[in-house]
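# Survey of secondary and tertiary structure
Take a look at the letters that make up each chain.
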Amino acid sequence: MTAHPTVAARRPRPRGRARRAVTSLAAAVALVASAALTGCAAERDDDVYTVLNSSTDETYHRWDAEAMARCGKRLGVTVEQQSVPASQVMTKALRMASSKSLPDVVQFDASEMPVFAEAGGLVDLRALGLSTDHVPDGIVDFGSYRGTYYGAARSVNTLALFYNKDVLAEAGVRAPATWDDLRAVARELTRGKRYGLALSAGGAEDGVFQFTPFMWSNGGDERELDSPEVVEALDFWKALLKDGSLSRSTVNWTQADVNDQFMAGNAAMMINGPWQVETLNSDPDLDWGIAGIPVPEAGADSVAPLGGAVLTVPRTGDDDRRRTAGRIVACLTSEKEQLTYALNSWMVPADERAAAEWRSQVPELDALADQVAAARSRTAQLGAGWPAVSLALQSAFQSALTGQSSEAALKRAQQRATSGN
């Protein structure tokens, strides 16, 4: 979720203050609701369909263009993409909704999709004929809002523990599986300028994305940020910092920064995602492996967050166009297209059949597929209310990791999440 363009979930965007986020949400709902009720006034070419996405990176833009050309040929239409930076997709879509010129398909970060769904601005994909028969429940939830399936994922990503095989072998230790293991191994591997572990606790969505596996695997819940389970998870991060196993700069690092530290040999292990694989593979001397994110106790489920984008069909007032838009989404998320996209991007296919084939072709990433199987959507519990919780957690990390108690920081976070300030 960081530093690499095109996949919306790759880099969570910094948000403004909580009150501004709430106000923006209300304005967004009003804009989208207005567009959904009045329809789309812009004139359109009957044979040209537009997909708004965040594929600004040349490589991803080309992959998407090729996929859209294949699907367009299959459906007898032209499919064009309009790409803007990931941080601008929502803003662009809102402006287009206001001017009644929404595209036929919008690829949203899954954490932002509920804003449009809340306002009734999206079409139920099942009503357009899309099936979820071979999609795991967690990924269906990832693209759903209040039980309705609005967003189809081509691929998803999550977090895992990456480790330097040479460093662990030299120390005679294995990749840790529990929190106690992680703390002990991280201490053992901290030598000189090298930290045992790198992770992002920065004041943006990156840090929240990285905290959720610790919170959720410990039984914590985003609806009660000051619960003992969440406090214990943040205390564990503080313990790693106290041990010296984490750099104090972790409160400023994005996930891209974490990867840079790992590749430079300044960290023996890191929490990160598959969007870093291409960069990791650019160093032939780096022998890395991955494992599931350690859990509080042996036998517990490692519950990581699902990241990625979903393809949605906005309500434009044209039933014929949205039926064709549904067929475009179905084609782009077909088993074959998912596998092609996932093999290019190192993400995990959303379709179980494609994921099985993906495992066979990239066995070195098998642990990621295992992690995805138990992963959760950040918005499953709170929907459009997630941004307020994210902002509150970001403030809590900054406070707790620079001296305040976890209990006090999270108590304040809960107050902020519920009051919006």
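Coordinates for the structure precede this section.
The sections below set out a description of the structure shown in this document. Note that the coordinates shown come from a computational prediction; the quantities given were computed from them, not determined experimentally.

Quick notes on the rules
Residues numbered from 1 in each chain as written. Predicted model: local features only at pLDDT ≥ 70, side-chain atom pairs only at ≥ 80, totals over all residues. Heavy atoms only, no water. Helix = DSSP H or I, 4+ residues; strand = E, 2+ residues; numbered from the N terminus. Buried < 20%, exposed > 50% of the residue type's maximum accessible area, 1.4 Å probe, protein only. Contact = heavy atoms within 4.5 Å. Areas by Shrake-Rupley, 256 points an atom, 1.4 Å probe, with all protein chains shown as cover. Pairing = 2+ DSSP bridges. Axes fitted to C-alpha atoms, helices over the stretch in contact; angles between N-to-C directions. Expected span 1.5 Å × (residues − 1). Phe/Tyr/Trp six-rings, centres within 6.5 Å; stacked < 30°, edge-to-face > 60°. Lys NZ or Arg CZ within 6 Å of the ring centre and 35° of its normal. Disulfide = S-S within 2.5 Å. Parallel < 35°, antiparallel > 145°, perpendicular 65-115°, else oblique. Nonpolar A, V, L, I, M, F, W, Y, C, P; charged D, E, K, R; others polar. Polar contact = N/O pair within 3.5 Å; in protein donor to acceptor, adjacent residues only side chain to side chain. Core = buried A, V, L, I, M, F, W, Y, C linked by side-chain atoms within 4.5 Å.

Turning our attention to the overall build of the chain. When helices and strands are tallied, the chain shows 17 helices and 12 strands. The buried share of the chain, reckoned over its 421 residues, is 55%. For the chain, the proportion of contacts with a sequence separation of at least 24, taken over those separated by at least 6, is 76%. Summed over all atoms, the accessible surface of the chain reaches about 16600 Å², with 45% contributed by carbon and sulfur.

Right, let's talk about the environment of Val48 for a bit. Along the chain, Val48 turns up in strand β1 (residues 48–53). Counting along the chain gives 29 residues from Val48 to Val77, while the straight-line C-alpha distance between them is 6.1 Å. Each residue touching Val48, except ones within four places of it in the same chain, is listed here: Thr78, Glu80, Asp104 and Arg321.

Turning our eyes to something else, we now look at the sheet that holds strand β8 (residues 195–198). Taken in spatial order, the 4 strands make up an open sheet running β8-β9-β7-β10, and their pairing is mixed. Looking at strand neighbours, the two that pair on one side only are β8 and β10 (288–291), the edges of this open sheet. Between one strand axis and the next, the sheet turns through 20 degrees on average, direction left out of account.

Moving on, we come to helix α9 (residues 228–243). Between the first and last C-alpha of α9 there are 22 Å, a value that for 16 residues agrees with the 22 Å anticipated at 1.5 Å per step. Three or more residues of α9 are buried, namely Val230, Val231, Ala233, Leu234, Phe236, Trp237, Ala239, Leu240 and Leu241. Where α9 is buried, its residues contact α7 (179–189), β8, α8 (205–217), α16 (386–400) and α17 (406–419). Backbone geometry just downstream of α9 places Gly244 in the positive-phi region, at approximately 85 degrees.

A few words now on the packing of aromatic side chains. Describing an aromatic ring pair means giving the distance of the ring centres and the angle of the ring planes. Applying the stated rule across the entire model yields 12 aromatic pairs. A centroid spacing of 4.8 Å and a plane angle of 45 degrees characterise the contact between Phe108 and Phe116, whose relative ring orientation is tilted. Taken individually, Phe108 and Phe116 each receive the classification buried, so the pair is uniform in this respect. Aromatic pair Phe211 and Trp237: ring centres 5.1 Å apart, planes at 75 degrees, arrangement edge-to-face. Placement of Phe211 in helix α8 and of Trp237 in helix α9 is noted, with a sequence separation of 26 residues between them. Judged by its relative accessible area of 1%, Trp237 falls in the buried class. A cation over a ring is seen here: Arg321 above Tyr49, with NZ or CZ 4.1 Å from the ring centre.

Our focus in this paragraph is the pairing of strand β3 (residues 105–109). Of all 5 residues that make up β3, 5 are buried, and the element is covered over most of its length. Here β3 shows no split at all, with Val105, Gln107 and Asp109 on one side and Val106 and Phe108 on the other all buried. Taken together, the 2 bridges between β1 and β3 define a ladder with parallel strand orientation. Each residue of the ladder has a partner; that of Val51, found in β3, is Val105.

The next subject is the state of the cysteines. Per the counting criterion, the structure on display carries 1 disulfide. The disulfide partner of Cys71 is Cys331, and the S-S distance across this bridge is 2.1 Å. With the S-S bond torsion at -85 degrees, the cross-link from Cys71 to Cys331 turns out left-handed. With Cys71 in helix α2 (residues 58–75) and Cys331 in helix α12 (residues 319–332), the pair connects residues that are 260 residues apart, well separated along the chain. A residue is classified by how much of its surface remains accessible, and Cys331, at 7% relative accessible area, is buried.

The next point concerns the sheet that holds strand β11 (residues 309–312). Strand order in this open sheet of 4 strands is β2-β1-β3-β11, and the pairing throughout is mixed. At either end of the open sheet lies a strand with only one pairing partner, and these are β2 (78–83) and β11. Sheet twist, expressed as the average angle between the axes of neighbouring strands with direction ignored, equals 20 degrees.

Right, let's talk about the packing of α2 against helix α13 (residues 335–345) for a bit. Following both chains from N to C, one finds α2 and α13 inclined at 170 degrees, their axes separated by 11 Å at the closest point. One finds that α2 runs roughly antiparallel with respect to α13. Where α2 approaches α13, its residues Tyr60, Trp63, Asp64, Ala67, Arg70, Cys71 and Arg74 are matched on the opposing element by Glu337, Thr340, Tyr341, Asn344 and Ser345. Along the lines of polarity and charge, the residues of the contact of α2 with α13 split into 5 nonpolar, 3 polar and 4 charged.

The next thing to look at is the environment of Ser406. When you line up the elements, Ser406 lands in helix α17. Residue classification places Ser406 among the buried positions, given a relative accessible area of 1%. Measuring from C-alpha to C-alpha, the distance between Ser406 and Ala233 comes to 9.1 Å, with 173 residues separating the pair along the chain. Setting aside residues no more than four positions away along its own chain, Ser406 makes contact with Val231, Leu234, Asp235, Lys238 and Ala400. A polar atom in the side chain of Ser406 sits 2.7 Å from the side chain of Asp235.

Taking every second residue as pointing to the same face, both faces of β10 are buried, with Trp288 and Ile290 on one and Gly289 and Ala291 on the other. Note that strand β7 (residues 160–164) and β10 share 4 bridges and pair antiparallel. Its bridge partner lying in β10, Tyr163 is registered against Gly289.

Turning to the nonpolar core, a few remarks are in order. Phe108 and Trp288 are the most contacted members of the largest nonpolar core, which totals 75 residues. Among the elements that take part in this core, helix α3 (residues 89–98) stands out by supplying 6 residues, more than any other. Sequence-distant contacts of Phe108, defined by excluding residues within four places in its chain, comprise Val89, Met90, Ala93, Met113, Phe116, Leu122, Gly308, Ala309, Val310 and Thr312. Listed in part, the 51 residues of the second largest apolar core include Leu159, Trp237, Leu241 and Met269.

All we've got here are geometric facts, nothing functional implied.
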